[in-house]
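In case you want the letters, here they are:
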Amino acid sequence: MKPQTIGVIGAGLMGHGIAYLLAAAGHTVRIYDPSAEWRNSLQTRLKAALDLLEGDGALLSRISSHDALAPAMQDVSFVFEAAPEKLPLKQQLFAELESLTSPATILASNSSAIPSTRIGEKLKHRDRVIGTHFWNPPHLVQLVEVTQNEKTSMETVQKTMDLLRDAGRAPVHIKRDIPGFVGNRLQHAIKREAIALIAAGVCDADTIDEVVKTGFGARMAVLGPMEQSDLVGTDLTLDIQNVLLSDLNRDTEPTQYLKDLVANGKLGMRTGEGLRKWTPEAADAVRDRLRRSLADQAKARKR
Ligand SMILES: NC(=O)c1ccc[n+]([C@@H]2O[C@H](COP(=O)([O-])OP(=O)(O)OC[C@H]3O[C@@H](n4cnc5c(N)ncnc54)[C@H](O)[C@@H]3O)[C@@H](O)[C@H]2O)c1
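1. Description of the packing of helix H10 (residues 225-232) against helix H11 (residues 234-244)
Argument step 1. Two numbers describe how H10 lies on H11: the axes approach to 5 Å, and their chain directions differ by 105 degrees. The orientation of H10 relative to H11 falls into the category roughly perpendicular. Contacts between H10 and H11 involve Ser 229, Asp 230 and Val 232 from the former and Thr 234, Leu 236 and Thr 237 from the latter.
Argument step 2. In terms of residue class, the contact of H10 with H11 is made up of two nonpolar, three polar and one charged.

2. So, the nonpolar core
Argument step 1. Judged by nonpolar contacts, the single largest core of 44 residues is most densely connected at Val 8, Ile 18, Ala 19, Leu 22 and Val 79.
Argument step 2. For Val 8, the residues in contact, after removing those within four places along its chain, are Gly 15, Ile 18, Ala 19, Val 29, Ile 31, Phe 80 and Ala 82.

3. A few points about the domain arrangement of the protein chain
Argument step 1. We note that the domain assignment places domain 1 (5-174) and domain 2 (184-302) within the protein chain.
Argument step 2. Just the C-alpha atoms count here: the centres of domain 1 and domain 2 sit 29 Å apart.
Argument step 3. Each partner contributes residues to the interface: domain 1 has six residues there, and domain 2 has six residues.
Argument step 4. Here the residues of the side of domain 1 that touches domain 2 sort into four nonpolar, one polar and one charged.

4. Side note on the sheet that holds strand S3 (residues 63-66)
Argument step 1. Read across the open sheet, the eight strands follow the order S3-S2-S1-S4-S5-S6-S7-S8; overall the sheet is mixed. Every other strand in the sheet has two partners, leaving S3 and strand S8 (170-174) as the edge strands with one partner each. Between one strand and the next, the sheet's axes are offset by a mean angle of 25 degrees, whatever the strand orientation.
Argument step 2. Strand direction decides the pairing type here: strand S2 (residues 28-32) and S3, joined by four bridges, are parallel. Among the inter-strand pairings, Tyr 32 is bridged to a residue of S3, identified as His 66.

5. A closer look at the site of the ligand
Argument step 1. Close to the ligand lie 23 residues, the nearest being Gly 10, Gly 12, Met 14, Ser 35 and Asn 136.
Argument step 2. Only helix H1 (13-24) and helix H4 (87-100) provide two or more residues apiece to the shell around the ligand.
Argument step 3. Taken together, the residues that form the shell around the ligand break down as 13 nonpolar, eight polar and two charged.

6. A closer look at the environment of Val 76
Argument step 1. Mapped onto the elements, Val 76 comes out in the loop between helix H3 (69-72) and strand S4 (78-81).
Argument step 2. C-alpha of Val 76 to C-alpha of Lys 277: the two residues are 201 residues apart in sequence and 47 Å apart in space.

7. A look at the pairing of S3
Argument step 1. Of the two faces of S3, the one lined by Ile 63 and Ser 65 is fully buried and the one lined by Ser 64 and His 66 carries no buried residue.
Argument step 2. Between S2 and its parallel partner S3, the chain crosses via helix H2 (residues 36-53), and the hand of that crossover is right-handed.

8. Observations concerning the environment of Lys 299
Argument step 1. Along the polypeptide, Lys 299 turns up in helix H13 (residues 280-302).
Argument step 2. Residues Lys 299 and Ala 23 lie 276 residues apart in sequence; the distance between their C-alpha atoms is 16 Å.
Argument step 3. In contact with Lys 299, other than residues within four places in its own chain, are Leu 53 and Glu 54.

About the criteria used
- Residues numbered from 1 in each chain as written.
- Predicted model: local features only at pLDDT ≥ 70, side-chain atom pairs only at ≥ 80, totals over all residues.
- Axes fitted to C-alpha atoms, helices over the stretch in contact; angles between N-to-C directions.
- Helix = DSSP H or I, 4+ residues; strand = E, 2+ residues; numbered from the N terminus.
- Parallel < 35°, antiparallel > 145°, perpendicular 65-115°, else oblique.
- Contact = placed C-beta atoms within 7 Å.
- Nonpolar A, V, L, I, M, F, W, Y, C, P; charged D, E, K, R; others polar.
- Core = buried A, V, L, I, M, F, W, Y, C linked by C-beta atoms within 7 Å.
- Buried ≥ 20, exposed ≤ 12 C-beta atoms within 10 Å, placed from the backbone.
- Domains from an automatic or database assignment.
- Pairing = 2+ DSSP bridges.
- Near = placed C-beta within 6 Å.
- Right-handed = clockwise from strand over helix to strand, strands pointing away.

Laid out in structure tokens, this is it:
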């Protein structure tokens, strides 16, 4: 793909990773962030990503950071917005982007939960507004949920998928702008059942993690749940669902167990206890294991 000039909004956790992967694909990336603190730490964080992935140092020279929106967004073909998860802020940014970019520029939001329909509702040219839900860390996790809203044109979907595929991502086309897109709906369907099992005393949180990591989770990276259903047969899947579904949790709000953890300050790794107990060393070991495993997978894909 011909190298392009691409704008990124927000130099935080997601923004710096998105900038990294686009620059690694040969594009010139301009990041806008009003915070001097985030801009000042950008190079260090990009360098850490480079070291982890053993990338080509030249890519760093293709990324620049800016304290003003207008010069950063001049003549860009795409904008990826990774600003804080606040609707009025994102709407304001997109309204400014409409006046600063050409109608052909694709405006993509990385929002985890806010529909891009809402983010782009004040714009005149809404066909070029799209959701691109990267997963954290975006330079290590391949999936990007490319979410089409009612107004997004197929041309916008296609161009976005092409750019991301060329940058080594695995974009999937989500045809409706629904809460949680697909990935988080699946994750939270599992979490709802898991927390309900713990609350009912069926097993503890360690056991849930063990069941997933040593069981179906271990094979999921090579065998998706739909492939697995076809492997065993849709008839067996139906038989199991006939027995199981009426017994699964169907709460439409979070369980009291989870609400109590939060109310009691048991917030997880950062407070030493959540669903499981954590020492700082154990929490660091998990973070390190995750980072290394994702980086090894990313490096293996490059080989
Ligand atoms: N963290 C995740 O795991 C994750 C995953 C997928 C999507 N997202 C989404 O990505 C977006 C960014 O999340 P994050 O985790 O990178 O947050 P973050 O807090 O790490 O980064 C946000 C950045 O936006 C900057 N910012 C603040 N005000 C701004 C403004 N007016 N204009 C431009 N930039 C501004 C901040 O200075 C900061 O650098 C959110 O919409 C979030 O929901 C996050």
